[in-house]
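Commentary on secondary and tertiary structure
Listed below, chain by chain, are the residues.
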There are 2 protein chains.
Amino acid sequence: MATLKDVAKETGLAVSTVSRVLNSRGYISEETRNNVFNAMKKLNYQPNEMARSLSKQTTNTIGVIVPHIRHPYFAELISNIESAANSRKYKILLFNSKDRDEKEIEILDMCNQNRVAGIILCSGTVAMNKFDKINVPLITIERNLEKGTACVECDNLKGGRLAAKHLIELGCKNLVQISGVCGNYMPADSRETGFIEVCEEYKIAHQELKTNETQYNVGEYKELIEDVLLNNKGVDGIFASSDLIAAQILQVCAKLKIKVPQQLKVVGFDDVLVASLTTPTITTIHQPIKEMAQMAISLLIEASNGKIVPSKTTLPVSLMKREST
Amino acid sequence: MATLKDVAKETGLAVSTVSRVLNSRGYISEETRNNVFNAMKKLNYQPNEMARSLSKQTTNTIGVIVPHIRHPYFAELISNIESAANSRKYKILLFNSKDRDEKEIEILDMCNQNRVAGIILCSGTVAMNKFDKINVPLITIERNLEKGTACVECDNLKGGRLAAKHLIELGCKNLVQISGVCGNYMPADSRETGFIEVCEEYKIAHQELKTNETQYNVGEYKELIEDVLLNNKGVDGIFASSDLIAAQILQVCAKLKIKVPQQLKVVGFDDVLVASLTTPTITTIHQPIKEMAQMAISLLIEASNGKIVPSKTTLPVSLMKREST
């Protein structure tokens, strides 16, 4: 690979002059500048980002940690994070944590060793004290973290309220909510809170069910859903805390010959690709994933430049009406 | 952040001794080794990967380029590439090319500037001559590339044959195949070839349709599918070249009140998450995505160590029978 020296040799200029052109330092004539750029092109000279990064002791790389890349929500989120990072000339180092504690520690070490400019964490189980080691901005998405720099969330409470209100306005009298993982307190828990608030306001029968961690990690909820539907014959509306769960409710309904939306109405959460690929398509709460990704990148870059950033940013959600209600 | 000097100071040893411990060079007593590791732990010393990489002029980072991270096939593939890379102590720099030529050139430059150990390319439109600049191993997945180091594919021809055979054995007499993007020659085109071969062998009526690039980039095929079903009333089986297309066939059938699988049987391709999330679930050709990802990582690491690797590796596919047939 061509070096700065090769470019200097090709142009007959001193290495220091070529370096000044590259870093736009001091006075350089138009002619010299053109000579250098032509030689760079001819020799396919690529500045060595590692050398630059070493002298700056940081990189324009962002570590992104998610539990499951293949989960449609995270796939959508990563896609938007990459686009937002790219538009600011940053790159992403992507890690699958699968929510395993020891894997997350390893990843944090890797991020440190590679002098990332910051970390975006969407993974749930990392214990707080693990972050003592991190000395770059840490931005979380839909994840509480005492020691994080900033957290980006969607308005989960409002989302739960919108879902309940929509089901009630369509005439449902007996509601069920199925939420993600029990145990860890997560921002997504507010979806349930909002749902309960509205059910209480309207005096509508409601119950809340939580999936377990194995179900979450495998993404398989059908057994639980079948139990719910067989043991609660009067249920006429379900609010699922992800489109992945909602899609599986539709499958169980088809198996049990329950007509959606005639006999049972279903509302999901996230508004990822799968919500518009099912039959019927899924009415859902739209998370502004694109805007959340852009916000996380902006916060990270500002914080890494030493600016004070808001510790929590909540972006609005909306009801996306489709065929399941 | 603690440096090598700080570790030396803490232990009272020379910097060169600490460095020897870190790099396992020469004789070091057990006691010295323990002292150094304890001091590293205490000071939270993280070796600077950038400095190491600079002296080696390469990194343990792999550039991964896909057209659309959010597409279920690529999400699944990236997830498996990350796992395979991680188990070999490599990291991935992920890029969304959205199949735009100028974006891909920019990404290749970024990979060069960051001295990646190699590149895995799953993106379709990069013109051949762009790769003249690349001087690290370039592994393609499901993508022909004259100048690549090695290409990993699934047995697309066999996949097309399996799909056609399955539909014919179930009694279909009038088949349609809907394939990805027309234009560029891609390994996936062999799915159509295999499909046609079997239809001809069994003397079954068949026609092949191609989606266009806009449909591929947006992932929206419903209009095309509705046209096909309205203008070809006798069609009783469709082989779609992705599960994404197959899911949309199910949606159009629901709209047109065509019963699947009773009136129309549908076979997809890929076996990604969405194939088991639809109602009915999708019979599909299983791509060994995990094994393809592992193979790509192995080939890349071997090639970067100067070994000769096979220029093309084809992995087997299988029929995954579900409810749509």
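Residues numbered from 1 in each chain as written. Chains lettered and ligands numbered in written order. Predicted model: local features only at pLDDT ≥ 70, side-chain atom pairs only at ≥ 80, totals over all residues. Heavy atoms only, no water.

1. Description of the overall build of chain A
Looking only at helices and strands, chain A has 12 helices and 12 strands in total. Restricting to contacts in chain A with at least 6 residues of sequence separation, those with at least 24 account for 69%. Carbon and sulfur atoms make up 50% of the accessible area of chain A, which amounts to about 13,600 Å² in all. (Helix = DSSP H or I, 4+ residues; strand = E, 2+ residues; numbered from the N terminus. Contact = heavy atoms within 4.5 Å. Areas by Shrake-Rupley, 256 points an atom, 1.4 Å probe, with all protein chains shown as cover.)

2. Details of the sheet that holds strand S2 (residues 91-96) of chain A
In a beta sheet, neighbouring strands pair by backbone hydrogen bonds and run either parallel or antiparallel. Spatially, S11(A)-S5(A)-S4(A)-S3(A)-S1(A)-S2(A)-S2(B)-S1(B)-S3(B)-S4(B)-S5(B)-S11(B) is the arrangement adopted by the 12 strands of the open sheet, whose pairing is mixed. A strand with exactly one partner marks an edge of an open sheet, and here the two such strands are strand S11 (312-315) of chain A together with strand S11 (312-315) of chain B. Going across the sheet, the axis of each strand differs from the next one's by a mean of 20°, ignoring polarity. Sitting on the sheet, helix H12 (residues 289-304) of chain B is in contact with strand S1 (61-66), strand S3 (118-121), strand S4 (138-141), strand S5 (150-154) and S11 of chain B, with an inclination near 170° to S5 of chain B. (Pairing = 2+ DSSP bridges. Axes fitted to C-alpha atoms, helices over the stretch in contact; angles between N-to-C directions.)

3. Some remarks on the interface of chain A and chain B
In this assembly, 56 residues from chain A lie in contact with 56 residues from chain B. Together, the buried faces of chain A and chain B total about 5,200 Å²; carbon and sulfur atoms form 56% of this surface. Linking chain A with chain B are two salt bridges. Across the pair Arg70 of chain A and Glu76 of chain B runs a salt bridge whose closest N-O atoms are separated by 3.0 Å. Linking chain A to chain B there are 14 residue pairs in polar contact (both at pLDDT 80 or more). (Buried area = accessible area lost by both parts, 1.4 Å probe. Salt bridge = Lys/Arg side-chain N within 4 Å of Asp/Glu carboxyl O. Polar contact = N/O pair within 3.5 Å; in protein donor to acceptor, adjacent residues only side chain to side chain.)

4. Considering the packing of helix H5 (residues 72-87) of chain A against helix H12 (residues 289-304) of chain A
Residues and elements named next belong to chain A. Put simply, H5 and H12 touch, their axes get as near as 8 Å, and they point 50° apart. Looking at the two axes, H5 sits oblique to H12. Relative to H12, H5 is oriented so that their crossing is right-handed. Contact with H5, carried on its side by Tyr73, Glu76, Leu77, Asn80, Ile81, Ala84 and Ala85, involves Ile289, Lys290, Met292, Ala293, Gln294 and Ile297 of H12 and no other residues of that element. The residue inventory of the contact of H5 with H12, partitioned by class, reads nine nonpolar, two polar and two charged. (Parallel < 35°, antiparallel > 145°, perpendicular 65-115°, else oblique. Left-handed = near helix turned anticlockwise from the far one by under 90°. Nonpolar A, V, L, I, M, F, W, Y, C, P; charged D, E, K, R; others polar.)

5. What to know about the pattern of salt bridges
Per the counting criterion, the structure on display carries 18 salt bridges over all chains. Here Glu10 of chain A and Lys42 of chain A are joined by a salt bridge, their closest N and O atoms 2.7 Å apart. Linking Glu10 of chain A in helix H1 (residues 4-11) with Lys42 of chain A in helix H3 (residues 30-43), this pair joins segments that are 32 residues apart in sequence. Looking at Lys42 of chain A, the relative accessible area reads 62%, which means it is exposed. With a shortest N-O distance of 2.9 Å, Glu226 of chain B and Lys255 of chain B are connected by a salt bridge. Of this pair, Glu226 of chain B sits in helix H10 (residues 222-231) while Lys255 of chain B sits in helix H11 (residues 243-256); the two residues are 29 residues apart in sequence, bridging distant segments of the chain. Residue classification places Lys255 of chain B among the exposed positions, given a relative accessible area of 55%. It is possible to trace a salt-bridge network through shared partners that takes in Arg161, Glu197 and Glu201 of chain A. (Buried < 20%, exposed > 50% of the residue type's maximum accessible area, 1.4 Å probe, protein only.)

6. A short note on the environment of Ile301 of chain A
All names here are of chain A. Position of Ile301 among the secondary structure elements: in helix H12. The spacing of Ile301 and Tyr90 is 211 residues in sequence and 9.3 Å in space, taken between C-alpha atoms. With residues up to four places along the chain from it excluded, the contact list for Ile301 reads Arg88 and Tyr90.

7. Remarks on the nonpolar core
Most often, soluble globular proteins keep nonpolar side chains buried together rather than apart. By size, the foremost hydrophobic cluster in this structure holds 152 residues, and its most contacted members are Ile120, Ile141 and Ile249 of chain A together with Ile120, Ile141 and Ile249 of chain B. Discounting chain neighbours no more than four positions away, the residues touching Ile249 of chain A are Ile178, Ile225, Ile238, Ala240, Leu264 and Val266 of chain A. Of all hydrophobic cores here, the second largest spans 26 residues; its members include Leu93 and Leu121 of chain A together with Ile65 and Leu138 of chain B. (Core = buried A, V, L, I, M, F, W, Y, C linked by side-chain atoms within 4.5 Å.)

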